[in-house]
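# A closer look at the structure
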Amino acid sequence: MIENEEMKKAEEQYSANSIQVLEGLEAVRKRPSMYIGDIGERGLHHLVYEVVDNSIDEAMAGFCDSIYVDILEDNSIRVVDNGRGIPTGMHEKEKRSALEVVLTVLHAGGKFSKNSYKVSGGLHGVGVSCVNALSDLLVAEVHREGKIFQQKYSQGKPITPVEVIGECEDTGTTITFHPDATIFQQTQVYKYSTLAARLRELSYLNKGIAITLTDHRELVDEFEADENGDLKATGRQVYRSEKFFSEEGLKQFIGYLDAGAQKIIPEPICVTSDKIIPIDIALQYNNGYTEKIYSYVNNINTIEGGTHLQGFKMGLSRTLKAYAEKNNLLSKYKGDIAPEDFREGLTAVISVKVAEPQFEGQTKTKLGNPEATSAVSQATAAALEIYLEEHPKEAKTIIEKIVLAATARNAARKAREMVQRKTVMSGAGMPGKLADCSENDPEKCELFLVEGDSAGGTAKQGRDRRFQAILPLRGKILNVEKAVEGRAFESQEIQNIYTALGVRVAVEDETGEKHMDLSRLRYHKVVIMTDADVDGSHIACLILTFFFRYMFDLIKNGYVYLATPPLYLVKKGKEEVYCWTEEQREEAALRLGKGSDKGYTVQRYKGLGEMSDEQLWETTMNPEKRRLRQITIENAAEAERTFSMLMGDDVPPRRQFIEENAHYANIDA
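Residues numbered from 1 in each chain as written. Predicted model: local features only at pLDDT ≥ 70, side-chain atom pairs only at ≥ 80, totals over all residues. Heavy atoms only, no water.

Across its full length, the protein chain carries 20 helices and 26 strands. For the protein chain, buried positions account for 51% of its 669 residues. Within the protein chain, residue pairs in contact and separated by at least 24 positions form 69% of the contacts whose partners lie at least 6 positions apart. Element-wise, carbon and sulfur atoms account for 49% of the exposed surface of the protein chain, whose accessible area totals about 33200 Å². (Helix = DSSP H or I, 4+ residues; strand = E, 2+ residues; numbered from the N terminus. Buried < 20%, exposed > 50% of the residue type's maximum accessible area, 1.4 Å probe, protein only. Contact = heavy atoms within 4.5 Å. Areas by Shrake-Rupley, 256 points an atom, 1.4 Å probe, with all protein chains shown as cover.)

Next up, the structure:
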């Protein structure tokens, strides 16, 4: 009876007045994640990309060649371009300035008119208006028609009219905005490295455009080249800044991505075509064992591929196979050659420009235009045929690489089958060292991959047995970046990881992409827990390399984490303070010592085994107090390059990386 009364009351309350109409940019502020992905660190940086994309669109249309991105002291962002400038005249339909329309109306902009832009990255036309809606202050400044126009906004609403504040002889647009802290509650701090990676990528995809990133929050030493070309410190400090510019586009992009690999052909093979759609491709073979292909549509990274990627793979394998058969280069090989054999050790970047791209899903990560398949396939085949005929020596080297890949694949298949037989799904037992948990719900279960038996024993004693499982790993696992696939599956430690997780080896789908079946994954948190020293960091890097190459879907779905054990314990009497950074240690010492360097002790933890089981639980494993870092891939191309460089065979790029980044690292004493 009571239930019926409540239902009747609810029914009466649901009237026409219950229907809300969100006007202007209210919808963006109400559901920001629908428009920018999330309201965490990723969404925060996405605001910058939306504004920069407008400038890139001006450049693609031929009206802009310089873009400046500044991170200001208060974490505001300023983006300046020398394009035509957003129109400021009266909009006939809206009866207000076109500048205000662009910044306050969703789906408003020149990108829907083919007369303004042939192609653009901001397909839905919500970019800069979303940025406006999610900023507590946005200032738009337009240089156009000899005048400087300015208008200010807060939370998407204009707080000043469009005003003329001066005169000018140039053209362009400047957008300065500060993210709204009521929306971005997790963080409003921009990461220089994250922005640099995207801007560098854009410079390669759009050759001839200079993009400069400057961080006004950080001063660094200034260096100048002397008469010998060597860099020497000037003694002055300047804001941290980089200029990204590429004359050769994707050819240089390949060189950047493959910096840590040993190439088997001297120069990248370049493919360009403008017959059906503009196509730009560069590819390079190295002596590695992994396939690295990145695809873009109108500068958007299509991380899930699509029809353009399918066309590339078809054109590549068909042309190479036809050439090998025509020149009798497969006569000594009696086995089968699979499509993936043609792509082992291949690094490629595919960039297409499509006037009306059809993306599968709102995330714009997979191209669906059917015409792209044949266009890219034909362009790849035509360019590759010419290259192979003109470079017989390099062609032979590539075919030999393919035959070796096929041979290794057959050996790896046998090793994979061995791993599959040992997984939980086939009825085999768990690894002997695994201390499993009692909970059966994967969403509640955690697996800690722990360095060594000693730390593993401590972790087993300190864990919560209900939902935390421990798998000790012996020493340093195999560096899969330097090993053929077969060797990886022969590794006992890697076999144990597969078996404990309950997953099968990733297999290719119909599009040639490798995916894992995660339906029987036994843990939705896989935590890498190693010592807080150089060796521990190396072991963590080896495990991450394995996950990146062989279990990428775990990272993609957010299942992989890094534990962060404390570095110090500052103690005075019964009072204890755990510290994760040098700054925290100094602060704790100052507080406990009351200004003196006496009266307290500092213990430096160099290994998990130095902690008691209670300490390890309290600092590193207790869900209420621990600090887990989730592993995410924001920029696949940049991550690919970093793994190849740090874990590959080529030493010079690794040395250069260390030299350039040493002042950002905390080196263990």
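The contact between helix 14 (residues 492–501) and helix 15 (residues 534–550) brings their axes to 12 Å, and the two run at 65 degrees. Crossing geometry of helix 14 relative to helix 15 is assigned as right-handed. Where helix 14 abuts helix 15, its residues Ile-494, Ile-497, Tyr-498 and Leu-501 lie against Phe-546, Phe-547 and Tyr-550. (Axes fitted to C-alpha atoms, helices over the stretch in contact; angles between N-to-C directions. Left-handed = near helix turned anticlockwise from the far one by under 90°.)

If you trace the five strands from one edge of the open sheet to the other, you get 18-17-21-22-26, paired in mixed fashion. A strand with exactly one partner marks an edge of an open sheet, and here the two such strands are strand 18 (468–473) and strand 26 (628–630). Taken over all neighbouring pairs, the strand axes of this sheet differ in orientation by 25 degrees on average, direction set aside. Examined bridge by bridge, strand 17 (residues 446–451) and strand 21 (residues 525–529) share five bridges and lie parallel to one another. Residue pairing across strands places Val-450 opposite Met-529, the latter belonging to strand 21. Packed onto the sheet, helix 14 meets strand 17, strand 18 and strand 21 and runs at close to 170 degrees relative to strand 18. On the sheet, helix 15 packs against strand 17, strand 18, strand 21 and strand 22 (560–563) and is oriented at approximately 150 degrees with respect to strand 21. (Pairing = 2+ DSSP bridges.)

In this structure, Val-48, Val-69, Ile-77, Phe-177, Tyr-190 and Leu-213 are the most contacted members of the largest nonpolar core, which totals 46 residues. When residues no more than four places from it in sequence are discounted, the contact partners of Phe-177 are Leu-47, Val-48, Val-51, Ser-76, Ile-77, Val-131, Ser-135, Leu-137, Leu-138 and Tyr-190. (Core = buried A, V, L, I, M, F, W, Y, C linked by side-chain atoms within 4.5 Å.)

Next up on the list: the packing of helix 12 (residues 452–462) against helix 18 (residues 613–621). Where helix 12 contacts helix 18, the axes come no closer than 8 Å and their chain directions differ by 80 degrees. Regarding the angle of helix 12 to helix 18, the classification is roughly perpendicular. On helix 18, the residues that touch Thr-458, Ala-459, Gln-461 and Gly-462 of helix 12 are Asp-613, Leu-616, Trp-617 and Met-621. Within the contact of helix 12 with helix 18, the residues separate by chemical class into four nonpolar, three polar and one charged. (Parallel < 35°, antiparallel > 145°, perpendicular 65-115°, else oblique. Nonpolar A, V, L, I, M, F, W, Y, C, P; charged D, E, K, R; others polar.)

Turning next to the sheet that holds strand 16 (residues 346–352). Strand order in this open sheet of five strands is 12-13-16-14-15, and the pairing throughout is mixed. A single partner strand is all that each edge strand has here, and the edge strands are strand 12 (269–273) and strand 15 (300–301).

In this section: the pairing of strand 9 (residues 172–179). Among the eight residues in strand 9, seven count as buried, and that is most of the element. Where strand 2 (residues 77–81) and strand 9 come together, five bridges link them in antiparallel fashion. Bridge pairing in strand 9 links Arg-78 to Thr-176. As judged from the eight bridges shared by strand 5 (residues 135–144) and strand 9, these two strands associate in the antiparallel manner. Residue pairing for strand 9: Ala-140 is matched across the bridge by Ile-175.

This brings us to helix 4 (residues 41–60). Under the 1.5 Å per step criterion, the end-to-end length of helix 4 is 28 Å for 20 residues, consistent within 8% with the ideal 28 Å. Burial within helix 4 is extensive, with 15 of its 20 residues counted as buried. Just downstream of helix 4 lies Gly-62, where phi reads positive at about 95 degrees. (Expected span 1.5 Å × (residues − 1).)

Mapping His-216 onto the fold places it in strand 10 (residues 210–225). On the accessibility criterion, His-216 (18% relative accessible area) is buried. Of the polar contacts made by the side chain of His-216, one reaches the side chain of Asp-70; its length is 3.1 Å. Every residue in contact with His-216, bar those within four places of it in the chain, is listed here: Asp-70, Ile-71, Leu-72, Glu-73, Arg-78 and Tyr-239. (Polar contact = N/O pair within 3.5 Å; in protein donor to acceptor, adjacent residues only side chain to side chain.)

Moving on, we come to the packing of aromatic side chains. Evaluation of the coordinates by the stated rule reveals seven aromatic pairs. Relative to Phe-253, the ring of Tyr-204 lies with its centre 4.9 Å away and its plane at 10 degrees, an arrangement referred to as stacked. Linking Tyr-204 in helix 7 (residues 192–205) with Phe-253 in helix 8 (residues 250–257), this pair joins segments that are 49 residues apart in sequence. For Phe-253, a relative accessible area of 3% gives the class buried. Between Phe-546 and Phe-547, the ring centres sit 5.6 Å apart and the planes meet at 45 degrees, which makes this aromatic pair tilted. No difference in accessibility class separates Phe-546 from Phe-547, as the two residues are buried. Taking NZ or CZ as reference, Arg-84 lies 3.9 Å from the ring centre of Phe-63, over its face. The positively charged end of Arg-627 is found above the aromatic ring belonging to Trp-580, 4.2 Å away from the centroid. (Phe/Tyr/Trp six-rings, centres within 6.5 Å; stacked < 30°, edge-to-face > 60°. Lys NZ or Arg CZ within 6 Å of the ring centre and 35° of its normal.)

This paragraph deals with the confidence of the model for the protein chain. Per-residue confidence for the protein chain averages 82 on the pLDDT scale, and 83% of its residues sit at or above 70. Note on residues 110–116: pLDDT under 50 across the span, and 14 contacts to partners over four residues away in sequence or across chains. (pLDDT = per-residue confidence, 0-100.)

Its place among the elements puts Arg-585 in helix 17 (residues 582–593). For Arg-585, a relative accessible area of 19% gives the class buried. As a C-alpha pair, Arg-585 and Tyr-568 span 17 residues in sequence and 6.8 Å in three-dimensional space. The residues contacting Arg-585, other than those within four sequence positions of it, are Tyr-568, Val-570, Cys-579 and Val-602.

Okay, the environment of Ala-563 next. You can see Ala-563 is positioned in strand 22. Given a relative accessible area of 7%, Ala-563 falls into the buried group. Between the C-alpha atom of Ala-563 and that of Thr-530, which follows or precedes it by 33 residues, the distance is 7.6 Å. In this view, Ala-563 contacts Val-527, Ile-528, Met-529, Thr-620, Arg-627 and Leu-628; residues no more than four positions away in its chain are not counted.

Our next topic: the environment of Asn-369. Among the structural elements, Asn-369 can be located in the loop between strand 16 and helix 10 (371–390). Residue classification places Asn-369 among the buried positions, given a relative accessible area of 1%. For Asn-369 and His-308, which are 61 residues apart along the polypeptide, the C-alpha to C-alpha distance reads 8.2 Å. Sequence-distant contacts of Asn-369, defined by excluding residues within four places in its chain, comprise Thr-307, Val-354, Glu-356, Pro-357 and Gln-358. Separated by 2.5 Å, the side chain of Asn-369 and the backbone nitrogen of Gln-358 make a polar contact.

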